[in-house]
Amino acid sequence: MQPGLRCSYVRYMKRFAIGTLKALGVVFGLFLVARAIAEPFVIDLTDPASYQNDWGGPALAGVLAVHMGPGILAGLALFGAARRRIAARQERIAAPSISR
């Protein structure tokens, strides 16, 4: 394999790996957000016996913090990443191109 081809192949594989990890991170983040949205509807908030043995139990605040906290953090992270991506795209569009 030629040295130039090897460098471009390695660069391509790095970009592919980073893109795959980002996609998996977005999917996992969306799963956590969906779980956080569904949690109050899954448990019976008026019956402590329904969430007493869950993680964070026996208190309702602990159960909601443990089950909804990661989804809230993932939602904030996804929102921040989307804002940065949109801002970078708008900056690229607004920046004058330098022609040679």
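Our subject is the structure listed above.
Undergrad: I'm lost on the overall build of the protein in this one. Help?
TA: Helices and strands together make up the secondary structure of the protein, namely two helices and zero strands. When the 100 residues of the protein are sorted by exposure, 12% land in the buried category. When contacts within the protein are restricted to residue pairs at least 6 apart in sequence, those whose partners lie at least 24 apart make up 45%. Put simply, the protein shows about 8,300 Å² of open surface, and 67% of that area lies on carbon and sulfur atoms.

Undergrad: Help me out: how do you make sense of the packing of aromatic side chains in this one?
TA: For any two aromatic rings, the description comes down to two numbers: the centre-to-centre distance and the angle of the planes. Scanning the model with the defined rule gives two aromatic pairs in all. An angle of 20° between the planes, with centres 6.5 Å apart, marks the rings of Tyr12 and Phe16 as stacked. You can see Tyr12 and its partner Phe16 sitting in helix H1 (residues 3–42), four residues apart, about one turn around the helix.

Undergrad: Would you explain the layout of surface pockets in this entry?
TA: Over the atoms, a rolled probe matching the size of one water molecule traces out where space is still vacant. Approximately 280 Å³ is the volume attributed to the largest pocket. What lines the largest pocket is simply Lys22, Val26, Leu78, Ala81, Ala82, Arg84, Arg85, Ala88, Arg89 and Arg92. Split by residue class, the lining of the largest pocket holds five nonpolar, no polar and five charged.

Undergrad: Would you take a moment to explain the side chain of Glu39 for this structure?
TA: With respect to the element layout, Glu39 can be found in helix H1. Although Glu39 is buried, it makes no salt bridge; Arg35 carries the closest opposite charge, 4.9 Å away. The residues contacting Glu39, other than those within four sequence positions of it, are Val63, Leu64, His67 and Met68.

Undergrad: Just checking my understanding: could you explain helix H2 (residues 60–94) for this structure?
TA: Residues three or four positions apart in an α-helix share a direction because the helix packs 3.6 residues into each turn. Compared with an ideal rise of 1.5 Å per residue, which puts 35 residues at 51 Å, H2 spans 49 Å between its outermost C-alpha atoms and is within 8% of the ideal. If you look at H2, its biggest bend is around 45°, right at Met68, and the proline Pro70 turns up within four residues after that. For H2, the full list of buried residues reads Val63, His67, Met68, Gly71, Ala74 and Gly80.

About the criteria used
- Sequence positions are assigned chain by chain, starting from 1 and proceeding in written order.
- Where local features are concerned, this predicted model is filtered to residues with pLDDT of at least 70; where side-chain atom pairs are given and counted, the filter is 80 or more; whole-chain, interface and lining totals use all residues.
- As a rule here, side-chain values cover all heavy atoms of the structure and leave hydrogens and water aside.
- Strands are runs of DSSP state E lasting at least two residues, helices are runs of H or I lasting at least four, and both sets are numbered from the N terminus onward.
- Think of it in three bands: residues with accessible area under 20% of the maximum for their type are buried, residues over 50% are exposed, and the middle band is partly exposed, with areas taken using a 1.4 Å probe on protein chains only.
- What makes two residues a contact is simply this: any of their non-hydrogen atoms within 4.5 Å.
- In short, Shrake-Rupley with a 1.4 Å probe defines the accessible areas, and a residue's cover is counted only from the protein chains shown.
- Centre distance within 6.5 Å is the pairing criterion for rings of Phe, Tyr and Trp, where only the six-membered ring of Trp is used; planes under 30 degrees apart are then read as stacked, over 60 as edge-to-face, and the remainder as tilted.
- Grid points spaced at 1 Å and placed over the protein atoms alone form the basis of the search, with a cavity being a set where a 1.4 Å probe fits but cannot get out and a pocket an open set showing protein on both sides within 12 Å along at least five of seven lines. Lining residues have an atom within 4 Å of a point.
- Grid points are joined across faces, edges and corners, and a volume is the space filled by probe spheres set on the points.
- In the scheme used here, Gly and all other residues not listed as nonpolar or charged are polar, with Ala, Val, Leu, Ile, Met, Phe, Trp, Tyr, Cys and Pro taken as nonpolar and Asp, Glu, Lys and Arg as charged.
- Only four residue types enter the charge count, namely Lys and Arg as positive and Asp and Glu as negative; His and the chain termini do not.
- Basic side-chain nitrogens of Lys or Arg form a salt bridge, by our definition, when they fall within 4 Å of a carboxyl oxygen of Asp or Glu.
- Take the residue count of a helix, subtract one, and multiply by 1.5 Å to get its expected span.
- The quantity called bend is, for any residue, the angle between two axes fitted respectively to the seven residues ending at it and the seven beginning at it.

Remember, this is a structural readout, not a statement about activity or role.
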